[in-house]
Amino acid sequence: MTVLGFGVIGTGAIGTEHINRITNKLSGGEIVAVTDFFPEIAKKVVEQFKLDAVIHPDDTSLIADEKVDVLLVTSSEAAHEATVVAGVEAGKYVFCEKPLAISAQGCMRIVNAEMKQGKKLVQVGFMRRYDSGFVQLKQVIDNNDIGNPLMIRASHRNAEVDESYTNDTAVVGTLIHEIDAFHWLVNDDYKSVQVVYPRKTKYAHNNLQDPQIFTIETISGIVINIDVFVNCQYGYDIHCEVIGEEGIAKLPEYPSVVMRKEAKLTTRILKDWKHRFKDAYDVELQNFMDSIVKTGEPQGPNSWDSYITAVTADACLKAQRTGEKVQISFQAKPKFYNEKIAQ
Ligand code: NAI
Ligand code: ISE
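**A word on the site of ligand 1**
Around ligand 1 sit 22 residues in total, of which Ile14, Asp36, Glu77, Lys98 and Tyr281 are the nearest. A distance of 2.6 Å separates an oxygen atom of ligand 1 from a polar atom in the side chain of Tyr281. When ligand 1 sits alone it has 850 Å² of accessible area, and the protein chains cover 79% of it. Residues of the shell around ligand 1, tallied by class, amount to 10 nonpolar, eight polar and four charged.

Below is the structure:
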């Protein structure tokens, strides 16, 4: 069996999660190298999972390591682009956590580097496409079970965020998941976006507007309303309801025992993204490894999908600043990305 050697750049929260799943749950991958801006963090992870991995001083040295077949980029958002470009230029496969780059130009630089290699090398961590609830919802829409979709009502809520989380993070770190998932869900492209700020919660720090409501319109006229509310206090909560011409389809709630106790009917709400999407992360990474072995290319969300999200995110950022309805338009999709087999 082929075992892919993974080099991990950024061994923080999700880096550690992915190292754990590759090492202890999935098959076909081994962590052979790690690096982190803070070397002691990388060392701690190597010890925690008893990895037989080299601790590199930086991404340049890790990319040059011959044992590394795949870069797992789980560093902070702004660091992704430089690492991914360098990795692609070195001919390595890349699994990069979202966002691939923090601007559309950044994604386009990666698209160009990848096309120059003549082969798809990059997959991006848009795990919702692998979540069984989202997959079922997409099947309902693709089967035309509810007729043409007309509206989507969605929520992305975190219990709380720290001071480093800004208005920009609400788009490039959080809403980016909906931006990727929803055009895939309804097979349509985005046309415009507008942002409305409701009354601000007292739990948001000074520089963060929270909650925010994004209204995104598609080419066919579907209106998508998403509230991003990242200090909601009560838990980690993801909702999506698609209203069609002949019915409504709703993302299943995360399964939880229904309890009757002390005159109350209760179900648990999760607190953390790590738990809500744990199965989806497993499936996306297993699929990534299997596709490379079987077809020589990853088959999941790619650099072009990320370019789409980045153009839309840039429009969302402009809409946040101006309060205006901002138009969204994309460059023509290169043929190179047309044979993509989406999950
Ligand atoms: P984190 O802050 O816990 O970890 C990031 C790590 O990268 C830190 O240890 C930091 O020292 C290191 N780092 C930063 N710049 C670096 C560089 N240039 N070279 C090497 N190491 C560097 O952050 P977290 O929550 O793990 O997020 C990492 C990425 O994963 C972000 O892009 C985030 O948006 C994404 N993410 C995706 C999730 C998903 O649901 N798909 C969930 C959580 C995070
Ligand atoms: C985090 O980076 C993620 O990607 C989570 O999935 C998202 O829910 C959260 O808001 C982000 O900060």
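**A short note on the packing of helix H4 (residues 80-89) against helix H5 (residues 104-117)**
At their nearest, the axes of H4 and H5 sit 9 Å apart, and the two run at 5° to each other. One element, H4, and the other, H5, form an angle in the roughly parallel class. The segment H4 lies against H5, with Glu81, Val84, Val85, Val88 and Glu89 engaging Gly106, Arg109, Ile110, Ala113, Glu114 and Gln117. Residue composition of the contact of H4 with H5, grouped by class: five nonpolar, two polar and four charged.

**Details of the environment of Ile22**
Position of Ile22 among the secondary structure elements: in helix H1 (residues 13-24). By relative accessible area, which is 1% here, Ile22 ends up buried. Along the primary structure Ile22 and Leu285 are separated by 263 residues, whereas in three dimensions their C-alpha atoms are 8.0 Å apart.

**What about the environment of Val230?**
For Val230, the position within the fold is in the loop between strand E10 (223-229) and strand E11 (237-244). Separated by 20 residues in sequence, Val230 and Asp210 have C-alpha atoms that sit 6.8 Å apart. Setting aside its immediate chain neighbours within four residues, Val230 contacts Asn158, Ala159, Glu160, Val161, Tyr165, Thr174, Leu208 and Asp210.

**Some thoughts on a nonpolar patch on the surface**
Taken together, the side chains of Phe37, Phe38 and Ile41 define a hydrophobic patch exposed on the protein surface, amounting to about 350 Å² of accessible area. With respect to the element layout, Ile41 can be found in helix H2 (residues 39-48). Since its relative accessible area comes to 32%, Ile41 is described here as partly exposed.

Reading the values: rules and limits
Residues numbered from 1 in each chain as written. Chains lettered and ligands numbered in written order. Predicted model: local features only at pLDDT ≥ 70, side-chain atom pairs only at ≥ 80, totals over all residues. Heavy atoms only, no water. Near = heavy atom within 4 Å. Polar contact = N/O pair within 3.5 Å; in protein donor to acceptor, adjacent residues only side chain to side chain. Areas by Shrake-Rupley, 256 points an atom, 1.4 Å probe, with all protein chains shown as cover. Nonpolar A, V, L, I, M, F, W, Y, C, P; charged D, E, K, R; others polar. Axes fitted to C-alpha atoms, helices over the stretch in contact; angles between N-to-C directions. Helix = DSSP H or I, 4+ residues; strand = E, 2+ residues; numbered from the N terminus. Parallel < 35°, antiparallel > 145°, perpendicular 65-115°, else oblique. Contact = heavy atoms within 4.5 Å. Buried < 20%, exposed > 50% of the residue type's maximum accessible area, 1.4 Å probe, protein only. Patch = residues over 30% accessible without salt bridge, like charges linked within 9 Å, V, L, I, M, F, W, Y side chains within 5 Å. Salt bridge = Lys/Arg side-chain N within 4 Å of Asp/Glu carboxyl O.

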